[in-house]
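Topology and contacts: notes
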There are 2 protein chains.
Amino acid sequence: MEAQAQMPGLVRGEGLTAWRQIADALIADIATGLYTAGQQLPSEAALAARFAVNRHTVRRALAALAEGGLVRASQGRGTFVEAAPLAYPIGPRTRFSEIVAGAGREAWGDLLAAATVPAGAEQAEALALAPGAPVLELLTVHRADETPLSTALTWLPLPRFSGFSEAYAARGSITRAFAACGVDDYTRLSTRIRARPADAQEAERLDIAPGRVVMVVSSVNIDAAGVPIQANRTLFAADRVELVIGG
Amino acid sequence: MEAQAQMPGLVRGEGLTAWRQIADALIADIATGLYTAGQQLPSEAALAARFAVNRHTVRRALAALAEGGLVRASQGRGTFVEAAPLAYPIGPRTRFSEIVAGAGREAWGDLLAAATVPAGAEQAEALALAPGAPVLELLTVHRADETPLSTALTWLPLPRFSGFSEAYAARGSITRAFAACGVDDYTRLSTRIRARPADAQEAERLDIAPGRVVMVVSSVNIDAAGVPIQANRTLFAADRVELVIGG
DNA sequence: GATTATTTGTTCGTATGTATA
DNA sequence: CTATACATACGAACAAATAAT
């Protein structure tokens, strides 16, 4: 055993594991701004050389950072510093597009699928419909500057919102699609929040690793007359969003 | 093809998939109390026989229930009904003891540790103190009928709340401890919600497996005069609690 | 479009130290 | 004291995705 102290600050055999010290060093580098949000870290090979350890040891340290949502690895591209989580106010007038735009980022929603389905028990109750009544089900992904923040399943009562899919696909915003359907204003009636690991499909839609945590926000929106117009189950990537109430 | 309608209510080839109908039937069974929390469901084979479908179809239905947190499968043991999460309203007058009591369960908070520490940057800002000013730091666990629902780190400005630890330990409630310190009313100023896996210590305090998801709720409480009296970081076991806003 | 280089992801194998039964 | 399990670390090779040529 020799040549163990080639990297300043990396002390071997003193209780602190090598990967933990490397992780701390990288955390400090990010905190001090040496690496900034969106920036690519040096390759695993380069970091292994810098700290004079095996590439596996660097990978263990990077895994710890990824666990905390600080960085994200992308096969074939590199490892990148994640942006600080976006503060997402939840209230009676929650609007994804306005929140993202207010943070200086560009908002867009992609329509992945649309189908007419009979309302399940939960959706029927939320929308005050008979169970089995036809509703429009939309699967969407919502991005801020190309980064997916959330994915949602949305149910809309159907005779009324038959043209919603096309309006949403063209405008990329629930608010604007509602406006195109004659709904100028709407408010949030109720919100319920849970959290759990993402399954494989959800993870792919949000561009996160399977098993990472998502916050599940179930809500109901009503129009100015108090009629329920939208039941919603939105999954937020917990690493990228912080829900804010009041304040 | 024959013998496809042995189970009442299961209609094939009518838009509703078989697995969706089976899922709805099981949801109804759980809702009506046929299967109760903690109880083991019939085996997949038994359910396949009951609905006259292949076991794969039952598995698809059970996967949908597990997705929603209604049941949990355990390899080699069986599939069990999960306890319904406690609806936990988050608002300006959030009181743990009242919420739990309102659900017909007994609330109690245990004080695990108390210490006088210098305020960190975050706590100092929340409490409008100078960084490093002495604050009382409490580590608590909150139970409903012996089941831990949450664990919290609480910071209180110190000249004012020197007797808080003893008051809390004796009364098992933040609200009652505040009353003992002369604070008759307080309201929640702001709330921020994140979610992540629990580490080993947190998991032990909440009596959950390490890595299970916790919702991290950071809040600030103010007294009737608008003075910040408490900064708080509460971890909820995501399987046991559903946060509710408005409605 | 095809090729090549770069980068992360995965899986072997080996060795060592540490905590536990 | 021994045996077992687990975590840590190094080495090598290959697979898979991406970017540049």
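Structure: above.
Residues numbered from 1 in each chain as written. Chains lettered and ligands numbered in written order. Predicted model: local features only at pLDDT ≥ 70, side-chain atom pairs only at ≥ 80, totals over all residues. Heavy atoms only, no water.

**Remarks on helix α2 (residues 44-51) of chain A**
Residues and elements named next belong to chain A. Test applied: Exposed residues in this analysis have more than 50% of their type's maximum accessible area, buried residues have under 20%, and partly exposed residues fall in between, with area computed by a 1.4 Å probe over protein chains only. Elements are defined by DSSP. Helices are runs of H or I of four residues or more, strands are runs of E of two residues or more, and each kind is numbered from the N terminus. It is the directions from the helix axis to the C-beta atoms whose arc is reported. By definition in these notes, contact holds between two residues if any of their heavy atoms fall within 4.5 Å.
Within the span of α2, buried status applies to E44, L47, A48 and F51. The buried side chains of α2 occupy one side of the element, clustering within an arc of 105° when seen end-on. Facing away from the buried side of α2, by more than 90 degrees, are the exposed residues A45 and A49. Next to the buried residues of α2 lie α1 (18-31) and α3 (55-67). A52 sits one or two residues past α2 and shows a positive phi near 60°.

**Notes on the interface of chain B and chain A**
In plain terms, the rule: Reported buried area values correspond to the accessible surface (1.4 Å probe) lost by two parts on association, with both partners' losses combined. Salt bridge, as applied in this entry: a Lys or Arg side-chain nitrogen positioned within 4 Å of an Asp or Glu carboxyl oxygen. Pairs of N or O atoms are called polar contacts if they sit within 3.5 Å, as long as, within protein, a hydrogen donor faces a hydrogen acceptor (for residues adjacent in sequence, only side-chain-to-side-chain pairs). Gly counts as polar in this scheme, as do all residues outside two lists: the nonpolar Ala, Val, Leu, Ile, Met, Phe, Trp, Tyr, Cys and Pro, and the charged Asp, Glu, Lys and Arg.
At the interface, 24 residues of chain B touch 26 residues of chain A. For the chain B and chain A pair, buried surface summed over both sides reaches about 2,100 Å², with 55% attributable to carbon and sulfur atoms. At the boundary of chain B and chain A, one finds two salt bridges. One salt bridge connects E242 of chain A with R192 of chain B, and the closest N-O pair in it is separated by 3.0 Å. Inspection of the region where chain B meets chain A yields six residue pairs in polar contact (both at pLDDT 80 or more). If you list the elements that add at least two residues to the side of chain B that touches chain A, you get β7 (186-197), β8 (213-223) and β10 (241-246) of chain B. Its residues placed into classes, the side of chain B that touches chain A shows 13 nonpolar, five polar and six charged.

**Topic: the packing of helix α1 (residues 18-31) of chain B against helix α2 (residues 44-51) of chain B**
Residue and element names in this part refer to chain B. Under the convention used in this document: Each axis is a line fitted through C-alpha atoms, taken for helices only over the stretch in contact, and angles between the N-to-C directions span 0 to 180 degrees. Any angle from 65 to 115 degrees is called roughly perpendicular, while one under 35 is roughly parallel, one over 145 is roughly antiparallel, and all others are oblique.
Following both chains from N to C, one finds α1 and α2 inclined at 110°, their axes separated by 12 Å at the closest point. For the element pair α1 / α2, the angle class is roughly perpendicular. In this structure, α1 uses I22, A25, L26 and D29 to contact α2, whose residues at the interface are L47, R50 and F51.

By themselves, these figures tell us nothing about what the structure is for.
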